[in-house]
Amino acid sequence: MDGTIIAIWLLRLLFLAGLYLFLWSVVRVLLRDLRAAASDPGIEVGRLVVLESPSGEPVVGAGFSLDAVTTLGRDVNATILLDDEFVSAMHAALTYRGRLWYLEDLGSTNGSFVNGSPVDGLAPLAFGDELQFGNVRLRLERARR
Amino acid sequence: MTAVVPMNDVPMNDGPMNPLPITGLDPHARRGGHAHLPRPRPRPREFGLLAIVTATLLLGSASLAATRAFGGTIAPGLDRGLLADGPALLGYLASLFAAHILLILSGRRTDQVLLPTIGLLGGVSLLLMERLPQTLAGGLGLGRTQLVWLALSILAIAVIGTIVRSDAWLRMYKYTWAAIGVGLLLITFVFGHDVNGQRLTLGIGPVSGQPSELIKILLVVFLAGYLSENRALLIEESTKIGPIRLPPIPYLAPMIAMWAIALAIVVIQKDLGAALLFFAVFLLLLYVATARASFVVLGLIAFLVGGAVLYAFLPHVQVRVDIWLDPFATASGSGYQIVQALHAFARGGLLGTGLGAGLPMIGGALPIPALHTDFPFAALGEEMGLVGILGILGLYLVVIERGLRIAASAADDFRAILAAGLSLIIGVQAFIIAAGNLKLIPLTGITLPFISYGGSSLLASGLIVGLLIALSDRTAELPAVTGSAQRSLRRRQNRGSA
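Sequence order as written defines the numbering, with residues in each chain counted from 1. Here the convention is simple: chains get letters from A, ligands get numbers from 1, in the order in which they are written. Under the rules for a predicted model, residues below a pLDDT of 70 receive no local features and side-chain atom pairs below 80 are neither given nor counted, while totals for whole chains, interfaces and linings still include all residues. Side-chain descriptors were evaluated using all non-hydrogen atoms of the structure, hydrogens and water having been removed beforehand.

A look at the overall build of chain A
Selection rule: We count a stretch as a helix when DSSP gives it H or I for four or more residues in a row; a strand needs E for two or more, and each element gets its number in order from the N terminus. Radius of gyration here is computed from C-alpha atoms only, and the compact-globule reference equals 2.2 Å multiplied by the residue count raised to the power 0.38. Only protein chains enter the accessibility calculation, which uses a 1.4 Å probe; a residue whose area is less than 20% of its type maximum is buried, one above 50% is exposed, and one in between is partly exposed. Only heavy atoms enter the contact rule, under which two residues are in contact if any of them lie within 4.5 Å. Shrake-Rupley sampling with a 1.4 Å probe provides the accessible areas, and residues are treated as covered by the protein chains on show and by no other component. In this tally Asp and Glu are treated as negative and Lys and Arg as positive; neither His nor the chain ends contributes. Taken as the charge location is NZ of Lys, CZ of Arg, CG of Asp or CD of Glu.
Assigned secondary structure in chain A consists of 1 helix and 11 strands. Reading chain A from its N end, one meets helices and strands in the order α-β-β-β-β-β-β-β-β-β-β-β. Taken over C-alpha atoms, the radius of gyration comes to 25 Å for chain A, far larger than the 15 Å a tight globule of 145 residues would show. In chain A, buried positions account for 54% of the 145 residues. Across chain A, contacts joining residues at least 24 apart in sequence account for 37% of those joining residues at least 6 apart. By element, 59% of the accessible surface of chain A is carried by carbon and sulfur atoms, the whole surface being about 6,400 Å². When the 13 positive and 17 negative side-chain charges of chain A are each reduced to one mean point, those points stand 13 Å apart.

Points about the overall build of chain B
The secondary structure content of chain B amounts to 17 helices and 5 strands. Counting over 498 residues, chain B shows a buried share of 54%. At a minimum sequence separation of 6, the contacts of chain B that also span at least 24 residues come to 73%.

Description of helix α15 (residues 413-437) of chain B
Residue and element names in this part refer to chain B. The test is simple: Each residue after the first adds 1.5 Å to the expected span of a helix.
With 25 residues, α15 ought to run about 36 Å at 1.5 Å a step, and its terminal C-alpha atoms sit 36 Å apart, in line with that. The element α15 is extensively covered by neighbouring structure, given that 24 of its 25 residues are classed as buried. Residue Lys 439 follows α15 closely and has a positive phi angle near 60°.

Observations concerning empty space enclosed by the protein
Residue and element names in this part refer to chain B. To be explicit about the condition: Points on a 1 Å grid over protein atoms alone make up a cavity when a 1.4 Å probe fits among them but cannot get out, and a pocket when they form an open set with protein on both sides within 12 Å along at least five of seven lines; lining residues each have an atom within 4 Å of a point. Grid points are joined across faces, edges and corners, and a volume is the space filled by probe spheres set on the points. Amino acids are sorted into nonpolar (Ala, Val, Leu, Ile, Met, Phe, Trp, Tyr, Cys and Pro), charged (Asp, Glu, Lys and Arg) and polar (every other residue, Gly among them).
Per the stated rule, a full pass over the model turns up 7 cavities of 30 Å³ or more. Roughly 100 Å³ of volume is contained in the second largest cavity. Lining of the second largest cavity is provided by 13 residues; of these, Val 164, Ser 166, Asp 167, Ala 470 and Leu 471 occupy positions nearest its centre. Going through the elements one at a time, α15 and α16 (455-471) are the ones with two or more residues in the lining of the second largest cavity. Of the residues forming the lining of the second largest cavity, the biggest block, 3 residues, is contributed by α16. Within the lining of the second largest cavity, the residues separate by chemical class into 7 nonpolar, 1 polar and 5 charged.

A closer look at the domain arrangement of chain B
All names here are of chain B. Just so we agree on the cut-off: Domain borders in the structure are assigned automatically or taken from a domain database. Take the accessible area each of two parts loses on contact, using a 1.4 Å probe, and add the two losses: that sum is the buried area. Counted as salt bridges are all cases of a side-chain nitrogen of Lys or Arg within 4 Å of a carboxyl oxygen of Asp or Glu. Whenever two N or O atoms come within 3.5 Å, that pair is a polar contact, provided that in protein one can donate a hydrogen and the other can accept it, and provided that, for residues adjacent in sequence, both atoms are side-chain atoms.
For chain B, the domain assignment lists domain 1 (22-27 + 40-165 + 325-487) and domain 2 (169-313). On the side of domain 2, 31 residues touch domain 1, which itself brings 30 residues to the contact. Interface area, domain 1 with domain 2, both sides summed: about 2,600 Å², of which 78% is carbon and sulfur. When the buried area of domain 1 at its contact with domain 2 is split by residue, Phe 414, Ile 417 and Ile 425 rank highest and sum to 25% of it. Counting across the domain 1 and domain 2 interface gives 2 salt bridges. The residue Arg 231 makes a salt bridge to Asp 413 at a minimum N-O spacing of 3.2 Å. Seen at the junction of domain 1 and domain 2, the total is 4 residue pairs in polar contact (both at pLDDT 80 or more).

Looking at the environment of Gly 56 of chain A
Structurally, Gly 56 of chain A is set in the loop between β1 (46-52) and β2 (63-66). Measuring from C-alpha to C-alpha, the distance between Gly 56 of chain A and Leu 106 of chain A comes to 23 Å, with 50 residues separating the pair along the chain.

Here's the deal with the nonpolar core
Applicable threshold: By convention a nonpolar core is built from buried Ala, Val, Leu, Ile, Met, Phe, Trp, Tyr and Cys residues, the set being connected through side-chain atoms within 4.5 Å.
Core analysis: the biggest nonpolar cluster contains 133 residues, and Leu 227, Met 384, Leu 418 and Leu 422 of chain B have the highest contact counts within it. Broken down by element, this core gets its largest block of residues, 14 residues, from α15 of chain B. Two domains share this core, each providing at least three of its residues, namely domain 1 (22-27 + 40-165 + 325-487) and domain 2 (169-313) of chain B. Beyond its immediate stretch of four places on either side in the chain, Leu 422 of chain B contacts Ile 217, Val 220, Ile 464, Leu 467, Leu 468 and Leu 471 of chain B. Counting 23 residues, the second largest nonpolar core, distinct from the first, contains Ala 123, Phe 127, Leu 131 and Val 136 of chain A.

Concerning the pattern of salt bridges
All names here are of chain A. Enumeration according to the criterion identifies 16 salt bridges over all chains in this entry. Across the pair Arg 137 and Glu 52 runs a salt bridge whose closest N-O atoms are separated by 3.0 Å. Placement of Arg 137 in strand β11 (residues 136-141) and of Glu 52 in strand β1 is noted, with a sequence separation of 85 residues between them. What makes Arg 137 buried here is its relative accessible area of 5%.

Re unusual backbone geometry
Put simply, Glu 57 of chain A and Pro 58 of chain A share a cis peptide bond, and its omega is 5°. Phi at Lys 439 of chain B is positive, roughly 60°, even though this residue is not glycine. Positive phi values are uncommon outside glycine, yet Phe 450 of chain B reaches one of about 70°. Within the secondary structure, Phe 450 of chain B sits in the loop between α15 and α16.

Description of the sheet that holds β11 of chain A
Residues and elements named next belong to chain A. So the rule is basically this: Should DSSP find at least two bridges between two strands, the strands are regarded as paired.
Spatially, 6 strands are ordered β2-β1-β11-β10-β7-β8 in an open sheet, and the strand pairing comes out antiparallel. The open sheet has two edge strands with one neighbour each: β2 and β8 (117-118). Alignment of strand β7 (residues 112-114) against β8, held across 2 bridges, turns out to be antiparallel. By the bridge assignment, Val 114 is partnered in β8 with Ser 117.

Some points on the packing of helix α10 (residues 293-313) of chain B against helix α11 (residues 315-325) of chain B
All names here are of chain B. As a reminder of what qualifies: Helix axes are fitted to C-alpha atoms over the stretch in contact, other axes to C-alpha atoms as well, and angles between N-to-C directions run from 0 to 180 degrees. Roughly parallel means an angle under 35 degrees; roughly antiparallel means over 145; roughly perpendicular covers 65 to 115; every other angle is labelled oblique.
The interhelical angle for the contact between α10 and α11, taken along N-to-C directions, is 105°, at an axis separation of 6 Å. As far as their axial angle goes, α11 and α10 are roughly perpendicular. Between α10 and α11, the contacting residues are Leu 310, Tyr 311, Ala 312 and Phe 313 on the first element and Pro 315, Val 317, Gln 318, Val 321 and Asp 322 on the second. Considering only residue class, the contact of α10 with α11 consists of 7 nonpolar, 1 polar and 1 charged.

Comments concerning the pairing of strand β5 (residues 92-97) of chain A
Consecutive side chains along a regular strand alternate between the two faces of the sheet. Residues and elements named next belong to chain A. The sheet contact formed by strand β3 (residues 69-73) and β5 spans 4 bridges and is antiparallel. From the neighbouring strand, Leu 72 faces β5, where its bridge partner is Ala 92. Sheet topology places β5 next to strand β6 (residues 100-105); 6 bridges connect them, and they run antiparallel. Opposite Leu 94, over in β6, you have Leu 103 as the bridge partner. If you look at the hairpin formed by β5 and β6, you'll find 2 residues sitting between the two strands, and Gly 98 has a positive phi there, around 75°.

Okay, structure coming up:
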């Protein structure tokens, strides 16, 4: 009889141990995942993905990691170079202020468009919005964390 | 330079010319042509975790069988053997591995932690249902019925995690989903039949279910659509009354409507749990979307005012609060369930009495009425002890962590808020019922996700986790900009230029 009682106790404790072994393994996976996310180079606050770009510069499908202030235009000094004949030298600026992204048109000739509507002045953006400058279409996405 | 017209004739849905190869991501993860299947992608972490789940559940089943053989509390109709009802457990494990294989074949880079975590929760549920009186459910008996629903739920997770590649069908019809939700609520109110004084169950022919399980998902889908569309406005604009910042007045209306719906559920359906769940998830998502604590404080004040009014006028709310404050005053009456639950936790102690060694029956009745639906946490507390239930709560924490991680890495606001909302449903629901069992908050009849007995709850929870797994695939295409996004921008523009 004592053997049975010991066996039952052993099984009970092993069951609980299995539960905690599972939790320990999961936490290890989660920590590795969080460390990998934390050690990503740079602190990006948003991404721009190129949807359409007839000139090939930028390349369609490319993703740009954004800093808090990003300028777009045909000028080589622009943060993101848009080599399109309908894009002005300094076309627009994207700024991240606290909680939101804003798009500001820097007096471009052909204007900037968000989801197909022209921007005048400062437009607050939502992640997932489509931006168009000349023939270049881009999408603002959340940062990869 | 000549003026250029923006190209508005972009294909709206993903046609063959959609230019979406996102570089840096594995090409196999993308949808190939419909002719060839995606290449399978191994999921080693999921497999490793499932192996631990298998070992743990086999040990649990063996422990249950040994306790029964020794103590003689064997339920009628079950054989003695090395495992307690081995075929059921093996069938359940087979469904888990089938789901694992389906997810491998889907070839997507999706979350590998959720399925094993849910698998362990469901397995614990199976072990619990097997030792309760099988007559609680007709037909197959409690354990086997729960097995069928669990297997269907696991299958739902795998199928949704495999086939849902676009969320356009959710985000484009958010008002339709909201209308369906409200419609279900009304239909339940008119045509539903009462069970235990609550009008929650809706029967169509032989099929009956609890629509509130589906409504909570529809609610989160609507909130994700609404909040992601109006996030910029809710953050930028606010109406100031003295030191208090209110949301802009036109956007206050849906929030008041949410509050009113929660109150209506309490008054009409007498379902405190669902009301609490809806309102808590709503406030949490409002905070997730706007990061404004003042909105939450405001919501909590509205909650307290509403709660006080309901307490003053509704007897069933008064009973709930009274038995929470002092269950021992009516220990053999309305406080009986809670008193028995507290005794069960006390009997369990640190390590528990062991699976199957709890008190299954007292005088031919369950020690805690509605144990299998409302008090499984107390039963686990008795049999697995403090150590065991802390582990169970840890599993729910893992689900929440995964959901919030998926939200943090989502590509846009809709997905982020949706993922956060879905995981918070599971987390908040588990908290409400676990805390209710422990007499931490007033008891409300709501299920413990993946552990309580009940088909509606298991299927709805499976749907939630399946959607979370589908959302964790960062390579899933974002739908093209919709008409409502354009309208939202126009509203923003009108304000932004002022």
